[in-house]
Amino acid sequence: MTIKYGFGKTVNVSFPDAIDCVTHALQQEGFGILSDIDVAAALKKKLNKDIPPYRILGACNPALADRAIAMEPSIGLLLPCNVVVRQDEAGHIQVEFMNTDAVLQLVDRPEVAELASEVRQRLARVMAAM
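In this report, we go over the structure that sits alongside the text. Note that this is a predicted model, so its numbers are computed, not measured. (Residues numbered from 1 in each chain as written. Predicted model: local features only at pLDDT ≥ 70, side-chain atom pairs only at ≥ 80, totals over all residues. Heavy atoms only, no water.)

Overview of unusual backbone geometry
Now for step 1: Looking along the chain, the bond that leaves leucine 79 and enters proline 80 is cis, with omega of -5°.
Now for step 2: Non-glycine residue asparagine 48 carries a positive phi angle of around 55°.
Now for step 3: Tracing the sequence through the fold places asparagine 48 in the loop between helix 2 (39–47) and strand 4 (54–60).
Now for step 4: With relative accessibility at 57%, the residue asparagine 48 sits in the exposed group.
Now for step 5: Even without glycine at this site, aspartate 108 takes up a positive phi of about 55°.
Now for step 6: Here aspartate 108 lies in the loop between helix 4 (100–103) and helix 5 (110–129).
Now for step 7: Take aspartate 108: its relative accessible area is 67%, and that puts it in the exposed class. (Helix = DSSP H or I, 4+ residues; strand = E, 2+ residues; numbered from the N terminus. Buried < 20%, exposed > 50% of the residue type's maximum accessible area, 1.4 Å probe, protein only.)

Dropping the structure here:
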């Protein structure tokens, strides 16, 4: 599945296993998880609304983030790289990645575009490892 601002795929594992698998694959590419937002739990707590499992993982590769911030100090507004793990209406598990090429075009600087492409390639390898 590809959308302008992201890409991803359906995985044939349980929701918890998908979280573990994507976290491990991200680590292999130098990313750590800075944030883990359980959207389903938040909506249940705040709105008493039940939705299928839905988590947003804020992934960061410190070396790449350092390079990006050195080039464009305000780029933190576009960081970290979000990875969504969610269960769709049919019960399938989707793993989706932020398309850094699309998002970082907002910066409109060639050196940032090159870095965004490197990050996207790493995220594509994470997706392939799923």
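Thoughts on the pairing of strand 5 (residues 81–87)
Within a regular strand, side chains alternate between the sheet's two faces.
Now for step 1: The buried fraction of strand 5 amounts to five of the seven residues, a majority that puts the element mostly inside the structure.
Now for step 2: One ladder, built from six bridges, connects strand 4 with strand 5; its direction is antiparallel. Opposite arginine 55, over in strand 5, you have valine 85 as the bridge partner.
Now for step 3: Across five bridges, the pairing between strand 5 and strand 6 (residues 93–98) is antiparallel. By the bridge assignment, glutamine 87 is partnered in strand 6 with isoleucine 93. (Pairing = 2+ DSSP bridges.)

Some details on the packing of aromatic side chains
Now for step 1: Applying the stated rule across the entire model yields one aromatic pair.
Now for step 2: Ring centres of phenylalanine 7 and phenylalanine 97 lie 5.5 Å apart, and the angle between their planes is 20°; on these two criteria the pair is classed as stacked. In this pair, phenylalanine 7 is assigned in strand 2 (residues 6–11) and phenylalanine 97 in strand 6, connecting sequence segments 90 residues apart.
Now for step 3: Overall, the relative accessible area of 4% leaves phenylalanine 7 in the buried class.
Now for step 4: Among the residues examined, phenylalanine 97 registers a relative accessible area of 2% and is labelled buried.
Now for step 5: One cation-aromatic arrangement involves arginine 120 over phenylalanine 7; the distance from NZ or CZ to the ring centre is 4.1 Å. (Phe/Tyr/Trp six-rings, centres within 6.5 Å; stacked < 30°, edge-to-face > 60°. Lys NZ or Arg CZ within 6 Å of the ring centre and 35° of its normal.)

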